[in-house]
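Results of the structural survey
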Amino acid sequence: AFAYTNRDDFKTWLQGIGTTVTTHNAVYDPIIQAVSKQIDRYCQRELHPYTATKYFTAGRSAYLRLDDDLISISTLKTTDTEQSGARTYGNTWATTDYDLEPYNAPDEETPYTLIRARGTGTYSFPVGISKAVEIAGTWGYWSQSSLSVGTLGAAITSTTATSVTMAASPTVKPLQTILIDSEQLFVTEVSGTTVTVKRGVNGTTAATHLNAAAVTAFEYNHQIVQACNLMTARLFKRRESPFGTAGSAEMGTLQVVAKFDPDIRGLLNDYRRLGIGAT
């Protein structure tokens with residue numbers, strides 16, 4: 001569960017109506033989430049951070065080129081030989097066994113796309129052995145969760161509770177993904193200091209959390225946020241022209257163009273992974 005804009009900011013962007021007008025909340029929310037997924041499909045990558053264990057087949061012993069965007073590694077393991085049945089990943093690499101490239105990816109707010117075995121390290125990548133590399137970590141284009149939205153006003157003692165109590169005056173907003181310790185939670189509603197959430201989203205594990213634990217929200221690049229706002233507004237207004245036309249008798253009928261808005265393309269093209277023949 002993720003969204004590249006939140007409900008309150010979208011409403012302000014759309015018409016400056018603020019958070020008190022709730023008439024179309026039930027319409028905005030699914031559109032924002034659907035548009036966020038469409039942005040990922042257009043860019044051919046997941047722009048939000050998520051936790052997963054993935055497997056790769058190395059083509060070179062010196063490096064592994066990744067098919068997916070990598071933010072950070074929790075564990076990197078390899079197996080030396082093809083095995084029947086369950087594979088055993090007996091080689092656990094230390095951080096001194098490899099380098100992530102490009103080296104300056106965090107500063108440039110881009111992902112890692114290659115892992116290079118260090119010449120001074122213990123291991124190299126097993127070549128041509130199917131699924132011989134196991135990587136557990138955080139994936140996605142970029143991760144930024146430095147936006148503080150408050151602290152817990154009460155401990156979370158259950159891994160299934162969907163109601164979170166924040167301390168006074170939280171700034172959390174509906175459709176934000178928040179981070180408490182290592183758990184991601186997706187906010188579906190906010191009422192005072194009570195926040196309704198989906199637990200353990202995007203591959204993370206629901207856990208208990210102490211009272212006064214810090215709560216931060218994920219932020220996304222302004223181009224992605226603006227593209228999400230623009231696409232959401234376009235789909236919201238699209239319901240007024242269900243047969244694909246718009247306009248008036250005096251001005252003539254206007255045909256609604258089905259393809260991506262050129263402004264949306266312009267905002268997202270910097271993040272689009274292009275394959276052979278892509279335009």
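Note: the structure precedes this text.
Residues numbered from 1 in each chain as written. Predicted model: local features only at pLDDT ≥ 70, side-chain atom pairs only at ≥ 80, totals over all residues. Heavy atoms only, no water.

**Considering the overall build of the protein**
Condition: The helix count covers DSSP runs of H or I at least four residues long, the strand count covers runs of E at least two residues long, and both are numbered beginning at the N terminus. A contact between two residues is defined here by any heavy atoms of the two lying within 4.5 Å. All accessible-area figures derive from a Shrake-Rupley calculation using a 1.4 Å probe, and residue coverage is judged against the displayed protein chains alone.
Regarding its fold elements, the protein presents five helices and 14 strands. Contacts spanning at least 24 positions in sequence make up 69% of the contacts within the protein whose residues lie at least 6 apart. Within the structure as shown, the protein displays about 14,300 Å² of accessible surface, and the carbon and sulfur contribution to it stands at 51%.

**Things to note about the packing of aromatic side chains**
Rules: Pairing of aromatic rings covers Phe, Tyr and Trp, the last through its six-membered ring, and needs centres within 6.5 Å; plane angles under 30 degrees mean stacked, over 60 mean edge-to-face, and all others mean tilted. By the criterion adopted, a ring carries a charge over it if an Arg CZ or a Lys NZ lies within 6 Å of its centre and within 35 degrees of its normal.
Evaluated as defined, the whole model comprises ten aromatic pairs. On the basis of an interplanar angle of 45 degrees and a centroid distance of 5.7 Å, the ring pair of Tyr55 and Tyr89 is categorised as tilted. Residue Tyr55 is located in strand E1 (residues 50–56), and its partner Tyr89 is located in the loop between strand E2 (63–78) and strand E3 (91–92); the two are separated by 34 residues in the primary sequence. Members of the aromatic cluster, each reached through a chain of ring pairs, are Phe10, Trp13, Tyr28 and Phe236. Lying across the ring of Trp139, Lys54 places its NZ or CZ 5.0 Å from the centre.

**Description of helix H2 (residues 25–43)**
Applicable threshold: Expected helix span is computed as 1.5 Å times (number of residues minus one).
Given a rise of 1.5 Å per residue, 19 residues ought to cover 27 Å, and the 27 Å separating the end C-alpha atoms of H2 matches this to within 8%. Buried residues in H2 make contact with helix H1 (7–15), strand E10 (183–191), helix H4 (222–238) and helix H5 (262–268). Gln44, located one to two residues past H2, shows a positive phi value of around 60 degrees.

**Regarding the sheet that holds strand E11 (residues 194–198)**
The condition is simple: Strands are labelled as partners when DSSP assigns at least two bridges between them. The axes are straight lines fitted to the C-alpha atoms, using for helices just the contacting stretch, and the angles between their N-to-C directions are given from 0 to 180°.
One open sheet accounts for six strands, arranged E7-E12-E9-E10-E11-E8; its pairing is antiparallel. At either end of the open sheet lies a strand with only one pairing partner, and these are strand E7 (147–151) and strand E8 (163–165). Neighbouring strand axes in the sheet, compared pairwise and without regard to direction, differ in orientation by 40 degrees on average. Both strand E9 (residues 177–180) and E10 contribute to a ladder of four bridges, which runs antiparallel. Bridge pairing in E10 links Ile180 to Glu183.

**Here's the deal with the nonpolar core**
Where we set the bar: Residue types Ala, Val, Leu, Ile, Met, Phe, Trp, Tyr and Cys, when buried and joined through side-chain atoms within 4.5 Å, form a set referred to as a nonpolar core. Three exposure classes are used, based on accessible area relative to the maximum for each residue type with a 1.4 Å probe and protein chains only: buried under 20%, partly exposed in between, and exposed over 50%.
Tyr4, Ile32, Ile39, Cys43, Leu47 and Leu268 are the most contacted members of the largest nonpolar core, which totals 31 residues. If you list the elements that add at least two residues to this core, you get H2, H4 and H5. Residues contacting Tyr4, with those up to four places away along its chain left out, are Ser36, Ile39, Asp40, Glu46, Leu47, His48, Tyr220, Ile224, Val225 and Cys228. Listed in part, the 19 residues of the second largest apolar core include Tyr98, Ile115, Val133 and Trp139.

**Some remarks on the pattern of salt bridges**
Our working rule: A pair is scored as a salt bridge if a Lys or Arg side-chain nitrogen falls within 4 Å of a carboxyl oxygen belonging to Asp or Glu.
Using the criterion set out here, one finds ten salt bridges in the structure. Residue Asp69 pairs with Arg45 through a salt bridge whose shortest N-O separation is 2.7 Å. On the criterion of sequence distance, the pair formed by Asp69 in strand E2 and Arg45 in the loop between H2 and E1 is long-range, its members being 24 residues apart. Just as Asp69 is buried, Arg45 falls in that class too. Among the charged side chains, a network of salt bridges with common partners joins Arg7, Asp29 and Glu189.

**Thoughts on the packing of H2 against H4**
The condition that has to hold: By the definition adopted for this analysis, an angle is roughly parallel if under 35 degrees, roughly antiparallel if over 145, roughly perpendicular if from 65 to 115, and oblique otherwise. Rotating anticlockwise by less than a right angle from the far helix to the near helix defines a left-handed crossing, while the corresponding clockwise rotation defines a right-handed one. Residue classes follow a fixed rule: Ala, Val, Leu, Ile, Met, Phe, Trp, Tyr, Cys and Pro count as nonpolar, while Asp, Glu, Lys and Arg count as charged, and any other residue, Gly among them, counts as polar.
Following both chains from N to C, one finds H2 and H4 inclined at 125 degrees, their axes separated by 9 Å at the closest point. In this view, H2 runs oblique relative to H4, as classed from their interaxial angle. Handedness of the crossing formed by H2 with H4: right-handed. Where H2 abuts H4, its residues Val27, Tyr28, Ile31, Ile32, Val35, Ser36, Gln38 and Ile39 lie against Ile224, Ala227, Cys228, Met231, Thr232, Leu235 and Phe236. Of the residues in the contact of H2 with H4, the class split is twelve nonpolar, three polar and no charged.

**Points about the environment of Glu109**
Among the structural elements, Glu109 can be located in the loop between helix H3 (105–108) and strand E5 (112–117). With relative accessibility at 35%, the residue Glu109 sits in the partly exposed group. Each C-alpha atom, one on Glu109 and one on Ile71, is 9.8 Å from the other, the two residues being 38 residues apart in sequence. Apart from residues lying up to four places away in sequence, Glu109 is in contact with Tyr141, Trp142 and Asn221.

**Considerations on the pairing of E11**
In E11, alternate side chains face the same way, and those of Val195 and Val197 are buried while those of Thr194, Thr196 and Lys198 on the opposite face are not. Both E8 and E11 contribute to a ladder of three bridges, which runs antiparallel. Looking at the pairing, Val164 lines up with Val195 of E11. In the sheet, E10 pairs with E11 via five bridges, with the strands oriented antiparallel. The residue of E11 that forms the bridge with Val190 is Val195. Here E10 folds back onto E11 in antiparallel fashion, the turn holding two residues, of which Gly192 has a positive phi close to 65 degrees.

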